[in-house]
Amino acid sequence: MRHFSRNLYTSAAFFVCVAIFPAAAQENEAELTIVRNQVYITPVGGGTGKKTPAKVKDRVTGSEVVSTGAKSQAELKFKDQSLARLGQYTV
């Protein structure tokens, strides 16, 4: 009986995780709230993607990279209201 209960709890935890992670993937987007000097958005992996100068209110997804140059700064605000601040020479 104890073995059965442990398996039941393990299965329940697995299904809860599966239900939560797709929602987390959709949260993988942010808005630029501060852009100072050289801030760029580039597709992940670079490839043939072009460095695009960023501007306030641009949306950044998980398939893009934000980079900053000398004396530059950027701030990203996520849907859960958390912030990420990037200083100079950040990728």
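In what follows, the structure referred to is the one given above.
Residues numbered from 1 in each chain as written. Predicted model: local features only at pLDDT ≥ 70, side-chain atom pairs only at ≥ 80, totals over all residues. Heavy atoms only, no water.

**Side note on the sheet that holds strand β4 (residues 59-61)**
Okay, so step 1: Overall, antiparallel pairing links the four strands, which are arranged β4-β1-β6-β7 in an open sheet. The open sheet is flanked by β4 and β7 (83-86), the only strands paired with a single partner. For this sheet, the mean inter-axis angle between neighbouring strands, taken without regard to orientation, is 30 degrees.
Okay, so step 2: Judged from the three bridges that link them, strand β1 (residues 29-36) and β4 form a sheet pairing that is antiparallel. (Pairing = 2+ DSSP bridges. Helix = DSSP H or I, 4+ residues; strand = E, 2+ residues; numbered from the N terminus. Axes fitted to C-alpha atoms, helices over the stretch in contact; angles between N-to-C directions.)

**Here's the deal with the nonpolar core**
Okay, so step 1: Residues A30, L32, V39, I41, A54, V60, V66, A74, L76 and L86 constitute the largest nonpolar core, which totals 10 residues.
Okay, so step 2: Elements supplying a minimum of two residues to this core: β1, β2 (39-43) and β6 (73-78).
Okay, so step 3: Those residues in contact with V66, other than ones at most four positions away along the chain, are V39, Y40, V60, A74, L76, L86, T90 and V91. (Core = buried A, V, L, I, M, F, W, Y, C linked by side-chain atoms within 4.5 Å. Buried < 20%, exposed > 50% of the residue type's maximum accessible area, 1.4 Å probe, protein only. Contact = heavy atoms within 4.5 Å.)

**Examining unusual backbone geometry**
Okay, so step 1: A positive phi is found at N37, a non-glycine position, where the angle reads about 65 degrees.
Okay, so step 2: With respect to the helices and strands, N37 occurs in the loop between β1 and β2.
Okay, so step 3: Using a relative accessible area of 59% as the deciding quantity, one classes N37 as exposed.

**With respect to the pairing of β6**
Sheet faces and side chains relate simply in a regular strand, where the side chains alternate between the two faces.
Okay, so step 1: The sheet contact formed by β1 and β6 spans six bridges and is antiparallel. Within β6, the position partnered with A30 by the bridge is F78.
Okay, so step 2: Judged from the four bridges that link them, β6 and β7 form a sheet pairing that is antiparallel. Looking across to β7, one finds that K77 is bridged to L83.
Okay, so step 3: Connecting β6 to the next strand, β7, in antiparallel fashion are four residues, including Q81 with a positive phi near 75 degrees.

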